[in-house]
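Inside the fold
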Amino acid sequence: MTAPPNVLPTRLGLAKAHGLFNTVGGLWPLVHRRSFEALFGAKYDRWLQYTVGGLLAGNGVVQLLADDTPSGYRGARNLGISTAITLLAIDLVYVPAGRIRKTYLVDAAMEAAWLAAWAKRTEP
């Protein structure tokens, strides 16, 4: 006996989880700038904050909408990995330089965790 199809995990489970993380993370500064800046510091170039937030949310939505096919999985995986590498690199360069708050190291840890999770996946 097998579980109903809507209960079975798909190969896109990690992509959708990562996509949700990226979507929420991207929308946060757009929806409630004050709470975002309270944790991560005031931003002087709001246009840049909104641009990065929008791009991050867009990446997350693409991951969430990926087709459950090998090519859909690969696209969601590649987008997730490239997003995580970019954010991790920014965190690790600009926190030590004192350009962004140390709270971005929490984000660095999350991005490293996403990369580790993707590295463990073996789907096509």
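Residues numbered from 1 in each chain as written. Predicted model: local features only at pLDDT ≥ 70, side-chain atom pairs only at ≥ 80, totals over all residues. Heavy atoms only, no water.

1. Observations concerning the overall build of the protein chain
To be explicit about the condition: Comment: elements are numbered from the N terminus, with helices defined as DSSP H or I runs of at least four residues and strands as E runs of at least two. Working definition: with a 1.4 Å probe on protein chains only, accessible area under 20% of the residue-type maximum means buried, over 50% means exposed, and in between means partly exposed. Should any heavy atoms of two residues lie within 4.5 Å, those residues are counted as being in contact. Only the protein chains shown count as cover for residues, with accessible areas throughout obtained via the Shrake-Rupley method and a probe of 1.4 Å.
Per the secondary structure count, the protein chain includes five helices and zero strands. Secondary structure elements of the protein chain occur, N-terminal to C-terminal, as α-α-α-α-α. Projecting the C-alpha coordinates of the protein chain onto the three principal axes gives extents of approximately 55 × 25 × 25 Å. Per-residue burial over the protein chain gives 31% buried out of 124 residues. Considering only residue pairs separated by 6 or more positions, the protein chain has 68% of its internal contacts joining residues 24 or more positions apart. Surface summary for the protein chain: the accessible area is close to 7,700 Å², and the carbon and sulfur share equals 68%.

2. Re the nonpolar core
Counted only if it meets this: Remark: nonpolar core denotes a set of buried residues (Ala, Val, Leu, Ile, Met, Phe, Trp, Tyr, Cys) joined through side-chain atoms within 4.5 Å.
Within the largest apolar cluster, ten residues are counted, these being Leu12, Leu14, Ala15, Ala66, Tyr73, Ala76, Ile81, Ala84, Trp114 and Trp118. Listed by contribution, the elements that provide at least two residues to this core are α1 (13-31), α4 (70-94) and α5 (104-120). The element best represented in this core is α4, accounting for four residues. Among all residues touching Ala84, those that are not within four sequence positions of it are His18, Glu111, Trp114 and Leu115.

3. Some points on α4
We count it as follows: Expected helix span is taken as 1.5 Å per residue step, with the number of steps being one fewer than the number of residues.
In this model α4 runs 36 Å from its N-terminal to its C-terminal C-alpha over 25 residues, within 8% of the 36 Å that 1.5 Å per residue would give. Of the surrounding secondary structure, the elements contacted by the buried residues of α4 are α1, α3 (46-64) and α5.

4. Re the environment of Thr122
Topologically, Thr122 is positioned in the segment after α5. Owing to a relative accessible area of 74%, Thr122 belongs among the exposed residues under this scheme. Between the alpha carbons of Thr122 and Arg11 there is a distance of 9.7 Å; along the sequence they are 111 residues apart.

5. Regarding the pattern of salt bridges
Rules: Here, a salt bridge means any side-chain nitrogen of Lys or Arg that lies within 4 Å of a carboxyl oxygen of Asp or Glu.
Scanning the entire structure with this criterion turns up two salt bridges. Across the pair Arg33 and Glu37 runs a salt bridge, and its minimum N-O distance is 3.3 Å. On the criterion of helical spacing, the pair formed by Arg33 and Glu37 is a turn pair, its members being four residues apart in helix α2 (residues 33-40). A relative accessible area of 9% means that Glu37 is categorised as buried. Where Glu37 meets Arg46, a salt bridge forms, and the shortest distance between an N and an O atom there is 3.2 Å. Among the residues examined, Arg46 registers a relative accessible area of 31% and is labelled partly exposed.

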